[in-house]
Amino acid sequence: MHQSVNKWHVFLKEIANLIFFWFFGVVFFFIYRLSFVAIFHKELGADLDFGEYFNAFLKGFSFDCTAVSYFLILPLLATIILSPFGKSVIIRNIRVFFQYLFVILSTFICLISINYYREYNDQFNNFLFLGLEDDKKAILNTIVEYYNPVLNSFILIAGIIAGIFIFRFFENKNTIYNQLAKLKSKYAKIGLIAAALACFTMSIRGSVGRVPTIRKWAYVSVDPFLNKTIINPYRSLKYAYTDFKEFNEIDGANPFGEENLRDFYNKNEVAEVIEKTAQGDSLIGKPKQVFLVIMESYDTWPLMDKYLPFGFSKNLYRIAQNGIHFTNFLPAYQATFYAYGTITSGIPYCGVNISRLATMKDRYISSIFEQFKALGYKTNMFYGGFLSWENIGEYTTHLGCENIYSGANAGGKSDSGEWGVEDEKLFDMILQNVNPDEYTFNLVLTSSYHPPYAIDTGKKGFMYKTEADFPEEVKQYYAGGMNMPEMGHLWYGDWAIGQFMDKAEKKYEDALFGFTGDHYGRRFINHSPNLAERSEVPFILYGKGIPPMKSSTPGGHADIAPTLIELIAPAGFRYYSFGSSMLDSTKACGVGFEKVVDRDSLYYQPKDAMVDEISLVDFKEKKNKHFKFEREYKELMRLSWHYTVKGNKLE
């Protein structure tokens, strides 16, 4: 009898400790979520009532229950299975191991999530896995130089020590045990075991209802920032990996809907679907040089009228005023190679990173380099970084580019960290290597507007040292969203373009210049840019024969190549493009991954959520259940994914 009582004592003691473990876990994530909101509180919308916070934290609690429960599975099973055999030491060791594991991993992942959010405006997303293909040395050096590893290490160690201390301190406390010990009858004991299993089941599902807690039902707040705090880092990481695998699973089904594409298009090859014929009768004739500059992290907002007095984009604004400025323009997605891959391959980014995949397949018929060679141009690529990044050297060669220049050709030495040489050195390299007497197509990818923001921009002429230096008319817009080095590097990118254009316009008198940004720069002067401000990038054409005008024709990166070709090519020239010319006044929309823009509005369709829409007239935002351009978007993405993953043959 005594032995049986002792086994029940062991069981109750462990159940009590597991209950404390569960409470510790959900409180841990509550404190994390509270800290997250406090750190980024400037991103909160105005006039949020208590109900918004309550709903967000309550829904977050359901995700937290699930995360904590995964750490409880083995300790709970060990307690139930081994208690009848009196294996108290084994049971305790298993629980303690998972308690310590929870503290270490959870502190680590929460700290990473906060730092990741600073850069990518998400707790986690598929960029995390894209980073596996990135320049790991450059990433490490950026972290060391820009993200304060000493402070982060201190917080990590302090958090782990505090968590372990709490578990050890409460290890032998009997408050919960004493309450459980009051259950003495046989039926009460059976009821306790059943209740423990039922509570665990509800906890791991995150729900007491029929439907478990899933991302689709997570966004319960009207405030976009609060919605981003709901899914805790573990589930956020899981969803990021799921999204990455869904689009990069090259042996799976088309994520944009399985169709018999041969029947759908009544054609046998993708090439037949995207084949186009140039209209000819160009405004400008054939320029001797074409320069297409893809600017690192360069977004549209510095060119908007309300922000112009900051003076961040004086040179690009001057160019835009004297050329065609397309104002409703979307990037391929939210990272540099997605833009570069879309512009060079001609294939809209569809969730698949083609930096290595492309080199294992036949050359894409929509390659911008191949099509410009067919127009009689020698093709060059100039990149301020190094060719190991994202396999960009091999990728660009595979697409047919004849000459590739990188930061190594510009000396390889830089004040701007590990990501490449300063933009001014990149542009000097262009001036040295592009012959004014040859027909050349020159693709340029800059790299200076990037952490760790190490260039001394003050020496270059950056005009601000503190907020007090801002012009009076724009002080109202600044709320600490960017620091001075970040703003200095935004300004520097424009300054370097101005320095280049002063020389290039004289040296290349018969040239056409194009400028676009690769993606939203993830930095803004305040903490709550609207959907347009955090989405759009510029597209500007300037030079030979280009008339000054501002155009609201909608477009995206996949439309750049056909626009240039239609400007230059003779009538009847056959080319291949998923996009369409921005010079077509009937063009209805422009597409980026998860986003579509037309002349009046911009639409964002995040996975498992309602559609965000912003008017480009009055910039009012709203949510819709239906995606206005869903059919056009899915058709384009479905064909793009098929060509990227399956190849030219339709099936």
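The structure this text deals with has already been given above.
Residues numbered from 1 in each chain as written. Predicted model: local features only at pLDDT ≥ 70, side-chain atom pairs only at ≥ 80, totals over all residues. Heavy atoms only, no water.

A. Looking closely at helix α3 (residues 88–120). For α3, with 33 residues, the first-to-last C-alpha span of 46 Å sits near the 48 Å given by 1.5 Å per residue. Positive phi appears at N121, one or two residues downstream of α3, with a value of about 60 degrees. (Helix = DSSP H or I, 4+ residues; strand = E, 2+ residues; numbered from the N terminus. Expected span 1.5 Å × (residues − 1).)

B. Here's a closer look at the nonpolar core. By size, the foremost hydrophobic cluster in this structure holds 76 residues, and its most contacted members are Y340, F372, F441 and L443. For this core, the element with the most residues is helix α22 (residues 630–645), which contributes 7 residues. Excluding residues within four positions of it along the chain, F372 makes contact with V290, Y377, T379, F441, L564, I565 and I568. F36, F40, F63 and I160 belong to the second largest nonpolar core, which has 53 residues in total. (Core = buried A, V, L, I, M, F, W, Y, C linked by side-chain atoms within 4.5 Å. Buried < 20%, exposed > 50% of the residue type's maximum accessible area, 1.4 Å probe, protein only. Contact = heavy atoms within 4.5 Å.)

C. Examining the environment of A569 more closely. Its place among the elements puts A569 in the loop between α21 (560–568) and β12 (574–576). Sequence-wise, A569 and F593 are 24 residues apart; in three dimensions their C-alpha atoms are separated by 29 Å.

D. Highlighting the packing of aromatic side chains. Overall, the coordinates contain 72 aromatic pairs when judged by the stated rule. Looking at K286, its charged tip hangs above the ring of Y439, at a distance of 4.8 Å from the centre. The aromatic ring of Y604 is capped on one face by K595, whose charged end is 5.1 Å from the ring centroid. (Phe/Tyr/Trp six-rings, centres within 6.5 Å; stacked < 30°, edge-to-face > 60°. Lys NZ or Arg CZ within 6 Å of the ring centre and 35° of its normal.)

E. Spotlight on the environment of M582. With respect to the helices and strands, M582 occurs in the loop between β12 and β13 (590–592). Discounting chain neighbours no more than four positions away, the residues touching M582 are F326, F329, F539, T553, P554, G555, D559, T563 and K587.

F. Highlighting the packing of helix α2 (residues 50–82) against α3. In contact at an axis separation of 9 Å, α2 and α3 are set at 175 degrees when each is read in the N-to-C sense. Our classification of the angle between α2 and α3 gives roughly antiparallel. Side by side, α2 and α3 meet where V68, F71, L74, P75, A78, T79 and L82 of the first sit next to I90, I91, I94, R95, F98, L101, F102 and L105 of the second. Considered class by class, the residues forming the contact of α2 with α3 number 13 nonpolar, 1 polar and 1 charged. (Axes fitted to C-alpha atoms, helices over the stretch in contact; angles between N-to-C directions. Parallel < 35°, antiparallel > 145°, perpendicular 65-115°, else oblique. Nonpolar A, V, L, I, M, F, W, Y, C, P; charged D, E, K, R; others polar.)

Geometric descriptors of this kind do not, in isolation, establish any biological role.
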